[in-house]
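In case you want the letters, here they are:
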Amino acid sequence: MSKNVIASSAVRARKLSADEIAEIEHEMKLYPDKRAVGLEALKIVQKHQGWVSDESLLAIAKYLNIPIADLEGVATFFNLVYRHPVGKNVILFCNSVSCWIMGCDGLREHIKKEVGIDFGETSEDDEFTMIPVPCLGDCDRAPVMMVGSDLHRNLTSEKIDQIISRYRNK
Amino acid sequence: MAKIVIDGVSYEVNPDNNLLQECLSQGLDLPYFCWHPCMGSAGACRQCAVKQYRDEEDKDGILVMACMTPASDGSIISIEDDGAKSFRSSVIESLMISHPHDCPVCEEGGECHLQDMTLMSGHNYRRYDKKKVTHLNQYLGPFINHEMNRCITCYRCVRYYDDYAGGTDLSAQATHHHTYFGRHEDGVLESEFSGNLVEVCPTGVFTDKSFSENYTRKWDLQVAPSVCTGCAVGCNTTPGERYGSLRRIVNRYNSEVNGYFLCDRGRFGFDYVNNDDRLKEAVKQIDGNEEVQSKEKIREVLTEIANGATIGIGSPRASNEANFALRCFVGDENFYSGMSDSEHELSQLVLGLNRDPSFQTPSVREIEKADAVIILGEDVTNVAPRIALALRQSVRNKALDLAKDCNIPAWQDAAVRELAQHERSPLCVLSSYVSRLDDIASDSLIDSSANLANIAYAIANKIVNSAPAAADVAAEYNDVIDRVAQQLSAAKNPLVIAGTSSDNADLIKAAANIARALSKENGTNLCLLVPEVNSLGVSLLSGTKNSLSSAFERIQNGSVSSAIIVENDLYRRASHNEVDSVLDKLSNLVVIDQLPNATTAKANYLLPSTAFSEHEATFVNYEGRAQLSFQVYRNQSNAQSAWRWLSDAEDGDVDALVNRCAAEAKGFDKLGNLLPDPEEFIAGMKIPRQSHRYSGRTAMKANLNVHEPKQEEDSESVMSFSMEGISSQKDASILASSWSPQWNSNQSISKFQEEVNGELKQGHTGAMLIARSETAGSYFPPPTVESTNKLQLALAYQIFGSDELSAQSAIIQERMTDAYVSIAPVDAEARDIKQGDMVELGDFSAKAIACIRSRIKPGTIAVYCGDNQIDSHALAVNIGILKFEDSNTGDGKGKGKGLSGLIVSDLLEEEY
Amino acid sequence: MVNNPLTKNIDMSRPPKDIAAYEAADGYQSIQEIAKGHAPDDVLQLVKDSGLKGRGGAGFPTGLKWSFVPQGENTPAQKYLVVNADEMEPGTFKDRLLMEGDPHLLLEGMIIAAYAIRASKAYIFLRGEYTVSEQALNIAIKEAYERGFLGKNILGTGFDLDIILHTSAGRYICGEETALLNALEGKRANPRAKPPFPQVSGLWGKPTIVNNVETICNLPGILTYGIEWYQSLTKGADHGTKLFGVSGKVKNPGCWELPLGTPIRDLIEGHAQGMQNGLELRAFLPGGGSTDFMSPEHLDLKLDYGEIAKAGSRLATGTMIILDDKTCPVGMIGNLMRFFSHESCGFCTPCRDGLPWVDEIFQGFENGFGNEKDLQILHEHVDYLGPGRTFCALAPGATAPLGSGLKLFKEDFERHIIEKRCPYKL
Ligand SMILES: Cc1cc2nc3c(=O)[nH]c(=O)nc-3n(C[C@H](O)[C@H](O)[C@H](O)COP(=O)(O)O)c2cc1C
Ligand code: SF4
Ligand code: FES
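Residues numbered from 1 in each chain as written. Chains lettered and ligands numbered in written order. Predicted model: local features only at pLDDT ≥ 70, side-chain atom pairs only at ≥ 80, totals over all residues. Heavy atoms only, no water.

J.: Would you mind showing me how to read the overall build of chain B here?
T.: Of the regular secondary structure elements, chain B holds 25 helices and 39 strands. On the principal axes, the C-alpha backbone points of chain B span a range of 90 × 80 × 65 Å. Counting the 912 residues in chain B, one finds 64% classified as buried. The long-range fraction of contacts in chain B, counting pairs at least 24 apart against all pairs at least 6 apart in sequence, stands at 74%. When the 84 positive and 126 negative side-chain charges of chain B are each reduced to one mean point, those points stand 3 Å apart. (Helix = DSSP H or I, 4+ residues; strand = E, 2+ residues; numbered from the N terminus. Buried < 20%, exposed > 50% of the residue type's maximum accessible area, 1.4 Å probe, protein only. Contact = heavy atoms within 4.5 Å. Lys, Arg positive; Asp, Glu negative; His and termini not counted. Charge placed at Lys NZ, Arg CZ, Asp CG, Glu CD.)

Okay, here's the thing in C-alpha cells:
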C-alpha cells in the first residue's frame, strides 16, 4: 500500500486497543487472506467504540495493511457498520413485509413520538439510534425489533415503552 | 476461427472473444459502457444486450449480454431484434434517471460516450419525474475534477484505476443507487496513471482539470497526431489547441506503443508551452541586456561562426531534425550528444546492445506479454512510466494461464482475478531502494548497485554455466538467485530491463548477460531504458567518442571558441562549476531553446525555438522506433523550429530535412518511411487539423482586425490549418482525433482498428531504425567491486520533476517535491537526522530534505535528481551528508513544497 | 422411525440439546458410520440418490451440485464448504429455527457435506443480527471439536475439517451465493458472473459448495436412516420434509416441519389455524418475498417444487406471507419493492436504477399521486427487471410479487389512482 506523504492519513489513525488487536489477531487465524478480516475488524472496533470513526478506519487499514479506500468501500456497503456516531442503544427496527402487515408503521410512529427519533436519528440524550433493518427472520412473531443484540417480538406500543425504559435505566 | 450469424449475416470471428468485442470488430454498432477493450467485461451496465437464438428454428431467443457471452462457433444473434432494442433503451433510460443533464456545461459534451449511447439506444424523452439522487464531489488533486452526479455507475473507473493500473486510493463505496466512486476522503489521487480516468469514464465524472479551466469543445480544438516528449517511451498523443494556446492532451491509439493509456506526466505536462516566459525573439545578450535581432542578422552571425571551428551540442530532448541540422551545420566531428559523460557512454553501450542479434527490444505491447521479468536498477515508474503500466499487465499472464486451464475466458476479468488471487508471473526488482512496482514484485532485492550487478551476473551464470560467474555474492542471495534463474529459464517470454538512469554500466552489462544466457530463438527481450524523448536518436547521430567532456576540453584548451547549443541546459549535464567555466571561456555562444534556463542566460545569441506542438518532428524512442509528430498550430511569435535556424535553405521544408537525414545519417535510412506520401491523398487534398464543426474560424481574430483573414496555409505539411480537405477518417495513418458517425467519443477508435485492440487500418506504428547486426556479441566479464564505507550515491528520478520541460508546467509543479534525499534509518540515526530535517550534501553546499525510508540499502543515499535543485554532477559517488544546523530550519524547506508530491510506501513513520 | 428429522430435537422453550443429548438422539451416528469406511464418493452418490433439493430458494439438486466440484490430482487441494445462513428474505424464518434449536444437526450435516466434496475448511456465513444462533453455534462448534468430530483426523478417518463461524453485517445480497463469497473474502458483496460457478472457482478461487442451512440439515437423516426412509417421508413428488412457515394475520403464525407435498390448506388452515377473526384470505406469497402471489383458489395445491411452479410461483423458502383483505396489497408490494430497492448491491443498471423508480412510484400510490403512466412504468419494469436481464437473481425476485400483484390486484391499483389515496387507509 502506498500513501501520500503530506496527506499521510496514517498520522491521524488512532491506536487500536490491546483488546481490539487481540480479537483481530484471532480472526486472522481463521482466514487465509488478511483482507477477509477487514469486515471483522470493523465489527470488532465498533463493538468496542460504538461506531467506526475515520481514525478507526485508518487504524484498521494500517494494521491489516489493506487500502483505506477498499476498507471504506466495505464499511459503507454493510448496514451494520456505523460510520457515524450512534446512541448507546441501537434499535434495529424491522420494517419488512410481515412486520409491515402486522403494523410496524404504527410502532415506528410511536417511537418517533416517545423517543423523538425516526430512522437514522439519535435521541437527544444519546441513548437511542433507530435504524431500519430488513426482515429479522422472526416473522411469525412480528412485529419485531432488536435493541443492541437482543430481539424483541410481538411488539405493541406498551411493550415498546417498557423496553425503552428498561434500556434507558440500564 | 468461428462462424457466427448476426442479424442474418454470417461472420468469421475469434471464439476466444466475447460477442460484444466481435460485433465491434466487425464494425457493427452495439452500445456498451462497462466493457473496455483493455479491461474485458464486467456485465454491470447491461447496455450490450442482444438476442441469442438456440438454432435456426428458435424464433424467440433469449436476451444475453454480448460482453458476457462467448462468440462460440454457430452462435446466432440479433442486435436489431425489437426486444433487445427496447431493453437497451430501458437501460439507458435508467442510467439517465439521476444524471444531471448538464451537457451544456459538461467538459465531456460533444465527445461523451454517454451522449452517443443515449442516442444510439433510443432514449430521448424523459419520463422520470421524481427526485434525482445527488452526491458531493471530492478534491482529487491538481489533475482531475470530480463530478459524481454525472456517474452512471459503470464501474470502469475503479476497474481501471485499481485493477488495471494498480492504484489503491479509489474505490466504490455505499450501495444501491447511492453507489459512489471516490477516495476515502479528499486528497490527491496517487496513481501516476490517474489521468486516464478522464478517458476511461464514459461521461464527465472524471475530467481534466486544467482543460476545464481553459475549456473548448472537442470540435473547436485544432488537433494533429503528436508524440509525447515526456520520456523515451514515445506515447502517441493528440494535443488540442484553441486561440493559440495548447488546451489539453489526450491519448492517441498506437497498438504497439501506448495503446489506450498515457501517464500523467505525458497528459498533464504540456502547459509549459503556454508559459509567458517562452522565448519569443532572437536576441543578442550583452551584460544582461537584450537586443532583438532580425532573422537576417542571425543568419549573418551564424555564417560567420560557421567559418571558424564551432562545436555543436545537441540534446536528447531535441528532435532528430534539430540535432541533424546542427550536425550538418557544424560537421560530424564537431557534433556532441549533449548528454552527461556517463549517460553518453551508457547510451552508446545501449545502442550497441540494441544491435546485437541475441536480443530483441520489446514494444510496450510486447512487454505486456512477458511472463517473467527482471528489472535491474531502473525505477521504471519514474523513468518510463507507461512501461510500468505495461509491467502491471505482464504479471497477470500467470492468471490468464490459470484461467485458460479452467476454461475461463480472458475477458471474464473479475473471474480471472478471483481464480488467480495473489498468483502472478514473476517480477524481480533489483534496486537500491524500494520501487513503485514492489506491490507486484515477486522478489525485490535492495542492495548497492555494485552488489546488485553481481547478483545479476550470478543469475546469468545460474541460467547457463557459460555465462561468467560473479565475484562474490552474499550467501543470503543464493536462494533468490536460484529462484529467479529458474523462473526466467522456465518462461516462454522472459524480459530483462535495465537502463541508463541507474548510472551504472555494470547493471546494463549484467542485464545483457542474463538475456544472452536465456538465448531465445528470436532474441531475448532486452529492454534498455533511456530517459529522454530522443536519447536514442541523438546517440545515433553522435560519435561514440564525442562526450561532453571532450567538447569541454576543446573549449578549455582554446581550440574552439564558438559553440551552438540546441535545446539543452548544460547545467543538468555536468557540474555547475564546470559548465560555468567552460561557457565563460567561449567568445561566441549561440543557444536555441524554448524557455529560459541557466544555459540560455549565458548565450551571446539566444534564439527562440518552437515547442513540440508547434512544429513537425521525428523522435526515436527507447526501442529505436522513430515516430512522426505533426505540427498542431503555428507559434505566433518569432520562434521557429531549431533546425530552421540552422538550415541554410531559407524556406527548407521539414520533409526535405527528414529525407536528407534518412539519406545521410547512418542508421536513419528508414526515417523517410514516416512521411506520408502526398500522392496518396485524393486530388492532393490535405488533411484538416480542424473538425468539420470547427466554429468561429473567421471571427477568431476579429478583435485584432475586422477584415476576415485569409486562412493560414501550410505549404510543408500534408495537414492544413483549416477544416477543409479529406477527413482523417479516410487515412487512419494520420488519425489525430477519431470520430465516426454516432461515435463522437474516443470509443470510436474501434472503427479505425483492424479489429478491437488491433492495428489501425491504413495506419503505421512507426519505423524501426535499429537493425540487428549479423554477429552476436559475447558475455561481459563481471566487475570487480571495491567496498567503501562512505555513503553511495544513487539518483532518484521523479515522474513529476525529472523531465526538464514538463517540470515547467504549472499543474505538474503542484505535484513536485523540493529537493530531497532518501536515507536508511541507521544512516539517519548515525547523523542525528530526523524525518523531514534539512540536510547538507557533498561539499555541503546543496541542501535537501531528509526522507528516511525503511526500504533503502543502508549506506546508500538516493538524491532526487529532478529540477536541478541539487547539482548532482558535483556530488561524488561517495557522498557526505550532514544535518543542516541552521536555527531557522522551519523555513529552510526549499520552495515550500516539502515532499508533498512524493509517494513512497516505506516512509518511516515519524511525524513529518 | 422419526418423521420430523429436522426438528425432532427442537424445543424452543429450552436451550438446544448439548452434544451428549444430541448423540443420545441418534446424533453424529452418520459420522461414526462414515468413519467405518465409506468413501466420499459413496456419500455423494447417496445424497444424489436421495433426491434432496436445495432449500435456499432455487431447489437445485444437492448431490448434482456437489458432483461439479472437480476432484482428482490436478485439481486444487483446498476445497471449501460454505453454509448459507444469511437468511434475510422477507417473510423467511426457518434457518433461524434450526440454528437456535438444534445447532449440532447443522454441524453434523456440514461434516457429511465437507467429507463428500473433500473440503477441509467450512464456513458458516451467518447474518449478523442472528445473535442467538451465533451463541448456540459457537457452543456447539466447541463441543464438536472437543468430542473429535471436528479438527484433525476426525475419528481416525484421516479427514480434517475446521468449521469457522463468520458473522456478516447485514446485507440481503450476501445471501446470493457468489456475493456471499465476496463478502466472506472481505470485499464488497457484489455477485460474481457465472460461469465460472463456485463449484469450480469459488472462495479465494478454490472449488466451493454453497448450501443453505436447511439443505445441510437434511443430510444427517439421509445418512442415518437411509434413502428409503427419506423418500418415504414425502407426500408428493419431491423427497423429504421441509420447514414451512406462515406469517401475517393468521391465528397461529409459526414454522413447522412437514412432508413435502403437504397441501397448502393444511398449512394455512390447519397449522396456522386460519385467518384472524373478521379477516379473509386475500392472497399469499408461498415462499418468501421473491415469489409470485397465489390466491385462495390454489389452497389445495401441494407444497412441492413442481406443483407450485405450475401454478406460476415458486416454493422457494416455503415460508408464506399471508395477505388479508383489510391490508392494502399495493402497500404490501410497495413494502417489498422498498426492501429490494434498498438491498440492491448497486452493480447492474436495471436493478440499481430500476428498483428505486419502482419504489418511488409505490410511494406515490401510497400518498395519492399515482397515475396511469406510473402504472405503465411498473408494468414495463416487470419485464425489464426479469430473469436474465440483471446480473443476479435479486431483481428478478422483486418482479415476482410485482408482476403477479399487478395482475391480481389490478383494481386496487386503479382505485389508488382514481381515489387519489390508499383506499385501505381510514
Ligand atoms: C438475492 C438473493 C438472496 C438469497 N438469499 C439467500 C439466503 O439468505 N439463504 C440461502 O440459503 N440462499 C439464499 N439465496 C440463494 C443462494 O444464492 C443459493 O442458491 C443457495 O444458498 C444455494 O443453497 P441450496 O442449494 O442449498 O439451496 C439467495 C439468492 C439470491 C439471488
Ligand atoms: S455489461 Fe455492459 S457493456 Fe457492459 S458491455 Fe455488458 S453489459 Fe455490456
Ligand atoms: S418481516 Fe419482520 S421479522 Fe420478518
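Now that the structure is up, let's keep going.
J.: I keep staring at the site of ligand 2 and nothing clicks. Help me out?
T.: Surrounding ligand 2, one finds L20, Y32, F33, C34, W35, G43, A44, C45, R46, Q47, C48 and C67 of chain B. When grouped by side-chain class, the residues that make up the shell around ligand 2 number nine nonpolar, two polar and one charged. (Near = heavy atom within 4 Å. Nonpolar A, V, L, I, M, F, W, Y, C, P; charged D, E, K, R; others polar.)

J.: Before we go on, may I ask you to explain the domain arrangement of chain A in this structure?
T.: Accessible area lost when the parts come together is the quantity often used to give the size of an interface. Here chain A is described as being made up of domain 1 (3–77) and domain 2 (89–168). Taking only C-alpha atoms into account, the centre of domain 1 of chain A sits 30 Å from that of domain 2 of chain A. (Domains from an automatic or database assignment.)

J.: Can you help me understand the pattern of salt bridges in this one?
T.: Between side chains of opposite charge, pairing is possible as soon as their charged atoms come close. Inspection of the entire model under this criterion finds 86 salt bridges over all chains. Linking K857 of chain B and D447 of chain B is a salt bridge whose minimum nitrogen-to-oxygen distance equals 3.3 Å. On the criterion of sequence distance, the pair formed by K857 of chain B in the loop between β35 (846–852) and β36 (860–864) and D447 of chain B in the loop between β21 (443–446) and α16 (449–463) is long-range, its members being 410 residues apart. What makes K857 of chain B partly exposed here is its relative accessible area of 25%. What makes D447 of chain B buried here is its relative accessible area of 4%. The partner of R171 of chain C in a salt bridge is E343 of chain C, with the nearest N and O atoms 3.1 Å apart. Note that R171 of chain C is positioned in the loop between β3 (162–167) and α8 (177–184) and E343 of chain C in helix α13 (residues 329–343), a separation of 172 residues in sequence. The same class applies to R171 of chain C as to E343 of chain C, namely buried. (Salt bridge = Lys/Arg side-chain N within 4 Å of Asp/Glu carboxyl O.)

J.: Teacher, can you tell me more about the packing of aromatic side chains here?
T.: For any pair of aromatic rings, the description consists of the separation of the ring centres together with the inter-plane angle of the planes. Here the structure, examined in full by the defined rule, presents 35 aromatic pairs over all chains. Seen in terms of ring centroids, Y820 of chain B and Y864 of chain B are 5.3 Å apart; in terms of plane orientation they differ by 10°. Their pairing is stacked. Taken together, the residues Y820 of chain B in strand β33 (residues 820–823) and Y864 of chain B in strand β36 connect sequence positions 44 residues apart. Classification of Y820 of chain B as buried rests on a relative accessible area of 2%. The exposure class assigned to Y864 of chain B is buried, which follows from its relative accessible area of 1%. Between F293 of chain C and F409 of chain C, the ring centres sit 5.0 Å apart and the planes meet at 85°, which makes this aromatic pair edge-to-face. Here F409 of chain C lies in the loop between α16 (394–408) and α17 (410–419) and F293 of chain C lies in the loop between β7 (281–285) and α12 (305–310), a separation of 116 residues in the sequence. (Phe/Tyr/Trp six-rings, centres within 6.5 Å; stacked < 30°, edge-to-face > 60°.)

J.: Looking at this structure, how should I read the packing of helix α10 (residues 341–354) of chain B against helix α18 (residues 505–518) of chain B?
T.: Axes are the key here: two packed helices are described by the angle between their axes and the distance separating the axes. All names here are of chain B. Relative orientation of the contacting elements α10 and α18 amounts to 10°, with a least axis distance of 10 Å. Taken together, α10 and α18 sit at an angle that is classed as roughly parallel. Between α10, through L346, L349, V350 and L353, and α18, the contact on the second element is made entirely by A505, I508, K509 and A512. Class assignment of the residues belonging to the contact of α10 with α18 gives a composition of seven nonpolar, no polar and one charged. (Axes fitted to C-alpha atoms, helices over the stretch in contact; angles between N-to-C directions. Parallel < 35°, antiparallel > 145°, perpendicular 65-115°, else oblique.)

J.: I'm lost on the site of ligand 1 in this one. Help?
T.: Residues and elements named next belong to chain C. Within the structure, ligand 1 sits among 18 residues, and G56, K65, N211, N212 and T215 are positioned closest to it. One of the backbone N or O atoms of R55 is found 3.2 Å from an oxygen atom in ligand 1. Measuring from an oxygen atom of ligand 1, one finds a backbone N or O atom of E87 at 3.5 Å. In isolation ligand 1 exposes 620 Å². Once the protein is present, 90% of that is buried. Take the shell around ligand 1: its biggest share by element is three residues, from strand β4 (residues 208–212). (Polar contact = N/O pair within 3.5 Å; in protein donor to acceptor, adjacent residues only side chain to side chain. Areas by Shrake-Rupley, 256 points an atom, 1.4 Å probe, with all protein chains shown as cover.)

J.: Just checking my understanding: could you explain helix α2 (residues 82–95) of chain B for this structure?
T.: All names here are of chain B. Between its first and last C-alpha, α2 extends 20 Å over 14 residues, near the 20 Å set by a 1.5 Å rise per residue. Here α2 has its buried residues at A84, F87, R88, S90, V91, I92, E93, S94 and L95. Put simply, D81 is the residue that caps the front of α2, since its side-chain oxygen is 2.8 Å from the backbone nitrogen of G83. (Expected span 1.5 Å × (residues − 1).)

J.: Hey, could you run me through the sheet that holds strand β16 (residues 310–313) of chain B in this one?
T.: Pairing between sheet strands relies on hydrogen bonds along the backbone, with the strands arranged either parallel or antiparallel. Residue and element names in this part refer to chain B. One open sheet holds the seven strands; their spatial order is β15-β14-β26-β25-β24-β16-β17, and the pairing between them is mixed. Every other strand in the sheet has two partners, leaving β15 (289–292) and β17 (335–336) as the edge strands with one partner each. In this structure, strand β24 (residues 562–566) lies alongside strand β25 (residues 588–593), joined through five bridges in parallel fashion. Bridge pairing in β25 places I565 opposite V591. (Pairing = 2+ DSSP bridges.)

J.: Could you clarify how one ought to interpret the packing of α13 of chain C against α16 of chain C in this entry?
T.: Residue and element names in this part refer to chain C. α16 packs onto α13 with a crossing angle of 165° between their chain directions and a minimal axis gap of 10 Å. Accordingly, the angle class assigned to the pair α13 and α16 is roughly antiparallel. α16 is crossed by α13, and the crossing has left-handed handedness. In this structure, α13 contributes I333, L336, M337, F340 and E343 to the contact, and α16 contributes L394, G397, A398, P401, L402 and G405. (Left-handed = near helix turned anticlockwise from the far one by under 90°.)

J.: Please clarify how the interface of chain B and chain C should be interpreted in this entry.
T.: With 36 residues of chain B at the interface, the matching set in chain C holds 40 residues. Sorting the residues of chain B by area buried against chain C places R127, H176 and E418 of chain B first, and these three jointly supply 21% of that buried surface. Note that E418 of chain B is salt-bridged to K187 of chain C, the shortest N-O span being 2.9 Å. Between chain B and chain C we count 21 residue pairs in polar contact (both at pLDDT 80 or more) in total. Elements with a contribution of two residues or more to the side of chain B that touches chain C: β4 (62–65), α2, β7 (171–173) and α15 (413–420) of chain B. Considering every element that reaches the side of chain B that touches chain C, the biggest residue donor is α2 of chain B, with six residues. (Buried area = accessible area lost by both parts, 1.4 Å probe.)

J.: Please explain the environment of V480 of chain B as it appears in this structure.
T.: Residue and element names in this part refer to chain B. Relative to the helices and strands, V480 resides in helix α17 (residues 478–490). When its relative accessible area of 6% is taken as the criterion, V480 is described as buried. Spatially, the C-alpha atom of V480 lies 9.7 Å from that of S444, the residues being 36 residues apart in sequence. In this view, V480 contacts D443 and L445; residues no more than four positions away in its chain are not counted.

J.: Is there a simple way to explain the interface of chain C and chain A in this structure?
T.: Listed per partner, the contact involves 54 residues of chain C and 37 residues of chain A. In this assembly, chain C packs against chain A so that about 3600 Å² is buried in total across both faces, 61% of it on carbon and sulfur atoms. In this assembly, chain C and chain A are joined by one salt bridge. The closest approach of N and O atoms between D138 of chain A and R96 of chain C, which form a salt bridge, is 3.8 Å. Our count for the chain C to chain A interface comes out at 22 residue pairs in polar contact (both at pLDDT 80 or more). Looking at the side of chain C that touches chain A, the elements that each hand over two or more residues are α5 (95–101), β2 (121–126), β3, α8, β5 (241–247), β6 (254–259), β8 (319–324) and α13 of chain C. Looking at the side of chain C that touches chain A, the element that brings in the most residues is α13 of chain C, giving six residues.

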